[in-house]
Amino acid sequence: MVNAINDALDLKLAEDKTVIVYGQDVGVEGGVFRVTEGLQKKYGVQRVFDSPLAESGIVGTAIGMAVAGLRPVVEMQFCGFIYPAFNQIISHASRMRNRSRGKYETPIVIRMPYGGGINALEHHSESMETIFGHIPGLKVVVPSTPHDAKGMLIAAIESNDTILFMEPKRIYRAIKQEVAEGKFTIPLGKANVIAQGTDVTVVAYGAMVREVQKAAVMAKEAGISVEIIDLRSIYPIDRETIAKSVKKTGRIITVTEGPKTYGVGSEISQIALEEAFLHLEAPPARVSGFDVIVPLPKGEHHYMQDPYKIFYEIERTVKY
Amino acid sequence: MVNAINDALDLKLAEDKTVIVYGQDVGVEGGVFRVTEGLQKKYGVQRVFDSPLAESGIVGTAIGMAVAGLRPVVEMQFCGFIYPAFNQIISHASRMRNRSRGKYETPIVIRMPYGGGINALEHHSESMETIFGHIPGLKVVVPSTPHDAKGMLIAAIESNDTILFMEPKRIYRAIKQEVAEGKFTIPLGKANVIAQGTDVTVVAYGAMVREVQKAAVMAKEAGISVEIIDLRSIYPIDRETIAKSVKKTGRIITVTEGPKTYGVGSEISQIALEEAFLHLEAPPARVSGFDVIVPLPKGEHHYMQDPYKIFYEIERTVKY
Amino acid sequence: MFKEYTPLKNKIFQVIDNDGKVINTKWMPEIDSERLVKIYKDMLFARTADLQIVSYQRQGRIYTYPPNYGQEAIAAGVGAVIKDHDWMVPAFRELGTMLAKGVTLKEMFLYFMGNEEGSNFKNANFTLPISVPIASQLIHAAGIGYAIKYNKEKKVAYAFVGDGGTSEGDFHEAVNFAGVWKVPVVFIIQNNQYGISTPTSVQTASENLAIKSVAYGVKGIMVDGNDFFAMYRVVEEAAKLCLNGEGPILIEAVTYRKGAHTTSDDPSKYRTKEEEDAWEEKDPMKRLKAYLIDKGLWSEKEEEKILPQFKVEIDRQFIEAENHPPYPKEDVFKHLYAEMPDDLKEQEKQYDRYLQWKSGKVKQQ
Amino acid sequence: MFKEYTPLKNKIFQVIDNDGKVINTKWMPEIDSERLVKIYKDMLFARTADLQIVSYQRQGRIYTYPPNYGQEAIAAGVGAVIKDHDWMVPAFRELGTMLAKGVTLKEMFLYFMGNEEGSNFKNANFTLPISVPIASQLIHAAGIGYAIKYNKEKKVAYAFVGDGGTSEGDFHEAVNFAGVWKVPVVFIIQNNQYGISTPTSVQTASENLAIKSVAYGVKGIMVDGNDFFAMYRVVEEAAKLCLNGEGPILIEAVTYRKGAHTTSDDPSKYRTKEEEDAWEEKDPMKRLKAYLIDKGLWSEKEEEKILPQFKVEIDRQFIEAENHPPYPKEDVFKHLYAEMPDDLKEQEKQYDRYLQWKSGKVKQQ
Ligand SMILES: Cc1ncc(C[n+]2csc(CCOP(=O)(O)OP(=O)(O)O)c2C)c(N)n1
Ligand SMILES: Cc1ncc(C[n+]2csc(CCOP(=O)(O)OP(=O)(O)O)c2C)c(N)n1
Ligand SMILES: [Mg+2]
Ligand SMILES: [Mg+2]
């Protein structure tokens, strides 16, 4: 996925002079995950560079650049370090268009590795997509494969909206996949049905998709047919795809990494309620983190979702 | 409610030398809503004072004071201006206890007027309780009456947890109510069934409770009996009270001011699903803001919840 | 200029005294008479508007408004230097500068009447809407500065903040980024002595606010913000330096908010009559007017003649704003996204259905 | 001292040269020999631990770790002045100071092995856990300073940040609040020239970092952070001033991170061998050792004798940390709240049920 993202950035930098890439250590070093490796060399320090260590400054300057016609793609070094920029995101990046009635737009992409499972220090394992999905004016997307990462990032850079592009760092290098060369886009806001099934719909995104796929194998062995939806977009949510699937299966489970309460899961359940109440054969359910801070590595396995936890819920829901 | 809050602060300042009250303009002026009026005169500038204009500084220093044994009660001037403090809240105030395995606690109360309906400028009308409710380690409460405000604030100040105390500014001076003198507390985390009913449960909090009460009158005229739950606590949620009520009525609606997606409503629906699926006679529903920025005053009526909007949903749900 | 008037020595740049006499000929700017009179009139217009808005507000015809009066020389100084192609990044107390950029009074009224349409400036280019979250806008200016430099444009960005705003972390990050990137941004602190009720001494222990420039390795200066000539001269110099690649610049304009913080504020709670009187001596309009009268460029008679005209014009624009068509429901939804999400479209449709139901309901009763 | 070595003139406070010769007798602190040797041994212990941790990390026995070596004189300077009742507010590169406060190496190991229990310091009083979000902890120190002052205690709070950290808004707010409140906080910037790969010149255009003190009206000084005597002298003075009500103080300690940013970083990507070699000359251990040897207080032989002892002790504590009992499931839930919400209790119970189910499942297969 790292290569696919690099590729997308490379393509857009080559194609569009208004694209600017910056953030902490993204220039000389190419980012702590090497996502921007080689780009400064290729496009120069005016277009790909290291910023001071200040997230509000990074997002805030991106807003300024964007209203002045550039297309900044900025990196937050880790999910846990986006919060100093929270005010700039919620008060400006997501609002400038509305506030100026469309006179000024903020075509910004904020890239950010997120999620657990990499044995990291505190603040390096969080999945707080809900709080961003709840911010009006923002779009929040998560790819789950290298192919999607490339196509979605290109679409994000080309969008005139402000987009939080969350990268599941746990699978940065885990999935080997041939990614088409050259430019292609994947429309933002559309979910992807990656496995057809009849007994239960499982919704996931990012690193959780792979876990669900494994759980689906376990389910199959137990005679349960799982339909898997890769949500891809946290906001907006693709209601249609969810509605269609749950009407078919009558059961739905959402798998997320973040804390349970006010997580993505309950919103997906609500959509199932609104779209398919009379089709429901079991309560829409969720598999999520607990309402706790992601434990440090030695305790993280308690917190993380894995195929067992997912299968457990699949079984419960199907047997309901 | 302003007086009740002032009263609670007064009582705790008098009783406990470790209680410190500060924030922007809370000292000399007594706060832009006059909530802290008279307290500086009574308790001196060491205990009640104006801070520099910097929210991260305010919450961050409160964390420092708290680990050093004080009990700071700080004010964010408006809901829309808490975001510069977001990092201090999510990265420290809500975590210090967990991080230090209980060695350090942060008994902080962050007071903040929130919500719409006062013809205010941008950023002065928001209801973003979800994003705070989703932060592990934080408690988020909202009183809906002067009585509750006093009892809950005293409980909040006495709690050793970090508490976001959201004050529905729209009803700061709207509800006249005799409030008991002297000290009493209302346990945090417990909802309040303020009207018994049989056909549908409506959950609300803050300024929305009054709107629901009006809608319930309309419903009664239409022959619908509404049970009203004042949620009081956004996190933790009182599942038990919700479960009990929805098992009885079979129908539940949540009324909130914030944006729809990832709002409090879907979480309450999820609880209804988890606790009472087989009792449900209609899909748990919600009445909420749209996924937009609260419009400026001339457009705000489109956005705000009112008895009509609530009654509309009650009728739909009951007729389902 | 920046060496001579270094904030490190707590020096303040001044050109005229309280009576409008030139006390600093070396730095007295050359401005032709006609232009000067025009500038004075603009200041007068802004002040008149300000006072009139306060009275509209008392009549309940407009919501909370933050008056500018007392701070007109700052707006006039920047207003006289800023170009149509320059960027203006306001806080919320920059009426005069906004008007100079081509924002109409009607638009300002519309905004403070609670309609976002008032921020959709029809004639003012490169002018951002009012920014309410204190100091946050300064960072945008640093980014705009980057874009100017990147595009090799000959432009300057002017960004405003109050004394209170210098306490925010965003102030720090903004000037610091601009300093590292060496971008053409003029940061203007309107030090009007208070942030709402909080005096500057509670905001910071630094000797003055201009001195904070040292922390970012940028040029800084403290200027008498009630002295139009001083303001003009400093901003002119700052712009020149910026165009020369020697930006950013930090200006502390020392002034006084004569009115309330906003129409919901009562300054008598936190400041004394004596203080207000002392500042009255330094009123920027009074000083420029004394200069103009002394030079025979202006007279009380002319002022008396023009004031009613201004009032009529202000009223005309106010009433135009009042008569602005009602807030269309579409505006609640339409402007958030370049590509509007399906779900939001659906929310609007549901709202339509509700409105239809409601119109039936309300009729019934 | 603060006038003589003003950062405004870019002066740096130094006491010994690269060869350990005293070049500034005026400010040479008096420390008795025994204590000095103890301090050197502590530095040696910290460095040895540091290098050993890096090798444990290579063996996969510990997760990412940010080594301190090269920066020991700063820790030793603060460590020698800080009292048990003083507050320590670390960032994450303060091993030596943490040990001085009574944190055990085992606890540090435990933390970097991924167990929060490592932050529950058993013997270190008034010592906050490691803080990862850059600069945020500085504000806590300002608040602690307030509490100290409020309670009329004779205490100082020491807060650490890196050069990169000075760019964050929180740095600004912290020193500014402390300045306004005049609280006893010593802010120590460990300027080790880089924030990960980013050199200080990209962080700020200011002449140095100590100069930022001017923006807050507080005393500031730039000190050779690789010169133990200089560090000690400055911190001693800063503490005295703080206790005297003349705080806060901002210290920029100029140093060099000899190792990688963390064990996952490769400095050869962004710095040259020449640069590293130049800094090798200024190595703090080398300099203090030269001084000690010159004074006959230390010898290579003693060092050779003690090093293996240190290594054994470090290994002992490491293995103790490795043998720490497995992370109890309860610890995931228990520590967030003083009053644990019912729902969280329920989540734990549900997890128990799942674990039971799983143990059955796993057995089945
Ligand atoms: C981040 C933030 N916090 C608080 C407020 C509320 N507020 C509005 S104006 C103001 C005072 C501003 O003072 P100053 O910067 O001196 O500007 P002035 O009003 O004097 O022009 C405050 C605290 C806000 N708008 N934004
Ligand atoms: C708010 C925040 N942003 C980003 C990071 C990621 N990060 C960890 S260390 C570091 C560099 C810190 O540099 P400096 O302050 O100089 O301290 P040093 O590591 O050199 O001791 C960065 C960017 C973080 N921990 N917190
Ligand atoms: Mg002010
Ligand atoms: Mg560093």
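Note that the structure is predicted; figures quoted are calculated from it, not measured.

1. Concerning the site of ligand 2
Logical step 1: Around ligand 2, the surrounding shell holds 20 residues, and the nearest of these are Glu55(A), Arg93(D), Asp163(D), Gly164(D) and Tyr194(D).
Logical step 2: Per-site note: the chains with residues close to ligand 2 are chains A and D.
Logical step 3: Contact between ligand 2 and Ile134(D): a nitrogen atom at 3.0 Å from a main-chain N or O atom of the residue.
Logical step 4: Residue Tyr194(D) places a main-chain N or O atom 2.8 Å away from an oxygen atom belonging to ligand 2.
Logical step 5: Contact with the protein chains removes 95% of the 580 Å² of surface that ligand 2 exposes when unbound.
Logical step 6: Tallied by class, residues from the shell around ligand 2 come to 8 nonpolar, 8 polar and 4 charged.

2. A word on the relation of the copies chain A and chain B
Logical step 1: Structural alignment of chain A on chain B gives an RMSD of 0.0 Å, achieved by rotating through 180° and translating 0.0 Å along the axis. Taken together, the rotation and translation relating the two chain copies correspond to the operation of a two-fold axis. When each C-alpha of chain A is compared by its distance to the rotation axis, Ile131(A) comes out closest, at 2.4 Å.
Logical step 2: Interface overlap between copies is the fraction of interface residues in one copy that are interface residues in the other; for chain A against chain B it reaches 100%, indicating a shared surface.

3. A closer look at the sheet that holds strand E6 (residues 162-168) of chain B
Residues and elements named next belong to chain B.
Logical step 1: Ordered by their spatial adjacency, 7 strands build an open sheet running E2-E1-E3-E4-E6-E5-E10, and the pairing between neighbours is mixed. In this open sheet, the two edge strands, each paired with only one partner strand, are strand E2 (48-50) and strand E10 (233-235). With direction set aside, neighbouring strand axes in the sheet form an average angle of 20°.
Logical step 2: The pairing of strand E1 (residues 19-23) with strand E3 (residues 71-75) spans 5 bridges and is classified as parallel. When the bridges of E3 are listed, Ile20 appears paired with Pro72.

4. Here's the deal with the interface of chain A and chain B
Logical step 1: Contacts between chain A and chain B engage 51 residues on the former and 51 residues on the latter.
Logical step 2: Between the two partners, chain A and chain B, sit 10 salt bridges.
Logical step 3: In this structure, the salt-bridge partner of Glu126(B) is Arg95(A), at a minimum N-O distance of 2.4 Å.
Logical step 4: Put simply, chain A and chain B have 30 residue pairs in polar contact (both at pLDDT 80 or more) between them.
Logical step 5: At the level of elements, helix H4 (86-93), helix H5 (96-99), helix H6 (129-133), strand E10 (233-235), helix H10 (264-276) and strand E12 (285-289) of chain A are the ones that each hand at least two residues to the side of chain A that touches chain B.
Logical step 6: Considering every element that reaches the side of chain A that touches chain B, the biggest residue donor is H10(A), with 8 residues.
Logical step 7: Grouping the constituent residues of the side of chain A that touches chain B by class yields 25 nonpolar, 15 polar and 11 charged.

5. Side note on the side chain of Asp238(B)
Residue and element names in this part refer to chain B.
Logical step 1: Within the secondary structure, Asp238 sits in the loop between E10 and helix H9 (239-249).
Logical step 2: In terms of polar contacts, Asp238 uses its side chain to reach the side chain of Thr241, at 2.6 Å.
Logical step 3: The contacts of Asp238, once residues within four sequence positions are left out, are Gly189, Lys190 and Ala191.

6. Considerations on the pattern of salt bridges
Logical step 1: For the structure on display, the rule yields 119 salt bridges over all chains.
Logical step 2: Measuring nitrogen to oxygen at the nearest pair gives 3.7 Å for the salt bridge that ties Lys190(A) to Asp342(C). Here Lys190(A), found in the loop between strand E6 (162-168) and strand E7 (192-195), pairs with Asp342(C), found in helix H13 (residues 342-364), and the two come from separate chains.
Logical step 3: Judged by its relative accessible area of 46%, Asp342(C) falls in the partly exposed class.
Logical step 4: The shortest N-O distance in the salt bridge between Glu300(C) and Lys289(C) comes to 3.1 Å. Remark: Lys289(C) occurs in helix H10 (residues 284-294) and Glu300(C) occurs in helix H11 (residues 300-322); sequence separation between them is 11 residues.
Logical step 5: Given the relative accessible area of 15%, Lys289(C) is considered buried.

7. A word on the sheet that holds strand E3 (residues 71-75) of chain A
All names here are of chain A.
Logical step 1: Read from one edge to the other, the open sheet built from 7 strands follows the order E2-E1-E3-E4-E6-E5-E10, with strand pairing classed as mixed. Edge positions in the open sheet fall to strand E2 (48-50) and E10, since each of these has one partner strand only. Ignoring which end each strand starts from, the neighbouring axes of this sheet average 20° apart.
Logical step 2: By the bridge criterion, 3 bridges tie strand E1 (residues 19-23) to E2 in an arrangement that is parallel. Of the residues in E2, the one forming a bridge with Val21 is Val48.

8. Focus: the environment of Gln270(A)
Logical step 1: Tracing the backbone through its elements, the reader meets Gln270(A) in helix H10.
Logical step 2: Residue classification places Gln270(A) among the buried positions, given a relative accessible area of 0%.
Logical step 3: Separated by 14 residues in sequence, Gln270(A) and Pro284(A) place their C-alpha atoms 8.3 Å apart.
Logical step 4: Aside from chain neighbours lying at most four places away, what touches Gln270(A) is Gly265(B), Ser266(B), Ser269(B), Pro284(B), Ala285(B) and Arg286(B).

9. Here we look at the interface of chain C and chain D
Logical step 1: Taken residue by residue, the interface counts 24 residues in chain C and 24 residues in chain D.
Logical step 2: Buried area between chain C and chain D, summed over both chains or domains, comes out near 1,700 Å², and the portion from carbon and sulfur atoms is 56%.
Logical step 3: It is His172(C), Ala205(C) and Ala215(C) in chain C that bury the most area against chain D; as a group they hold 29% of the surface buried on that side.
Logical step 4: Linking chain C to chain D there are 0 salt bridges.
Logical step 5: The interface formed by chain C and chain D includes 10 residue pairs in polar contact (both at pLDDT 80 or more).

10. Some remarks on the packing of helix H1 (residues 33-58) of chain C against H10(C)
Residue and element names in this part refer to chain C.
Logical step 1: Across the interface, H1 lies against H10 with an axial gap of 11 Å and an inter-helix angle of 150°. Compared by their axis directions, H1 and H10 come out roughly antiparallel. As for the relative orientation of H1 and H10, their crossing is left-handed in sense. Two secondary-structure elements touch here, H1 through Leu36, Tyr40, Met43, Leu44 and Arg47 and H10 through Pro284, Met285, Leu288, Lys289, Tyr291 and Leu292.
Logical step 2: Its residues assigned to classes, the contact of H1 with H10 comprises 9 nonpolar, no polar and 2 charged.

11. Remarks on the coordination of the magnesium ion (ligand 4)
Residues and elements named next belong to chain D.
Logical step 1: All of the protein donors around the magnesium ion (ligand 4) are Asp163 (OD), Asn192 (OD1) and Tyr194 (O); their distances to the metal are 2.0 Å.
Logical step 2: Sequence spacing of the donors to the magnesium ion (ligand 4): D-x28-N-x1-Y. Of the two residues, Asn192 and Tyr194, neither departs from the other in class, the shared state being buried.

12. A word on helix H4 (residues 86-93) of chain B
Logical step 1: For H4(B), a buried count of 8 out of 8 residues is recorded, marking the element as mostly surrounded by other parts of the structure.
Logical step 2: Here H4(B) has its buried residues at Phe86(B), Asn87(B), Gln88(B), Ile89(B), Ile90(B), Ser91(B), His92(B) and Ala93(B).

13. As for unusual backbone geometry
Logical step 1: The omega angle of the peptide bond from Gly247(C) to Pro248(C) is -10°, so this bond is cis rather than trans.
Logical step 2: When you line up the elements, Pro248(C) lands in the loop between helix H8 (228-243) and strand E7 (249-254).
Logical step 3: Positive phi, normally seen in glycine, also occurs at Arg34(B), with a value near 65°.
Logical step 4: Tracing the backbone shows Arg34(B) in the loop between E1 and helix H2 (39-43).
Logical step 5: On the basis of relative accessible area, Arg34(B) is assigned to the buried category, the value being 17%.
Logical step 6: Its identity is not glycine, yet Lys152(D) carries a phi of approximately 55°, on the positive side.
Logical step 7: With relative accessibility at 74%, the residue Lys152(D) sits in the exposed group.

The rules behind these values
- Residues numbered from 1 in each chain as written.
- Chains lettered and ligands numbered in written order.
- Predicted model: local features only at pLDDT ≥ 70, side-chain atom pairs only at ≥ 80, totals over all residues.
- Heavy atoms only, no water.
- Near = heavy atom within 4 Å.
- Polar contact = N/O pair within 3.5 Å; in protein donor to acceptor, adjacent residues only side chain to side chain.
- Areas by Shrake-Rupley, 256 points an atom, 1.4 Å probe, with all protein chains shown as cover.
- Nonpolar A, V, L, I, M, F, W, Y, C, P; charged D, E, K, R; others polar.
- Least-squares fit on C-alpha atoms with pLDDT ≥ 70 in both.
- Contact = heavy atoms within 4.5 Å.
- Pairing = 2+ DSSP bridges.
- Helix = DSSP H or I, 4+ residues; strand = E, 2+ residues; numbered from the N terminus.
- Axes fitted to C-alpha atoms, helices over the stretch in contact; angles between N-to-C directions.
- Salt bridge = Lys/Arg side-chain N within 4 Å of Asp/Glu carboxyl O.
- Buried < 20%, exposed > 50% of the residue type's maximum accessible area, 1.4 Å probe, protein only.
- Buried area = accessible area lost by both parts, 1.4 Å probe.
- Parallel < 35°, antiparallel > 145°, perpendicular 65-115°, else oblique.
- Left-handed = near helix turned anticlockwise from the far one by under 90°.
- Donors = N, O, S within 2.8 Å, 3.2 Å for Na, K, Ca; no water.

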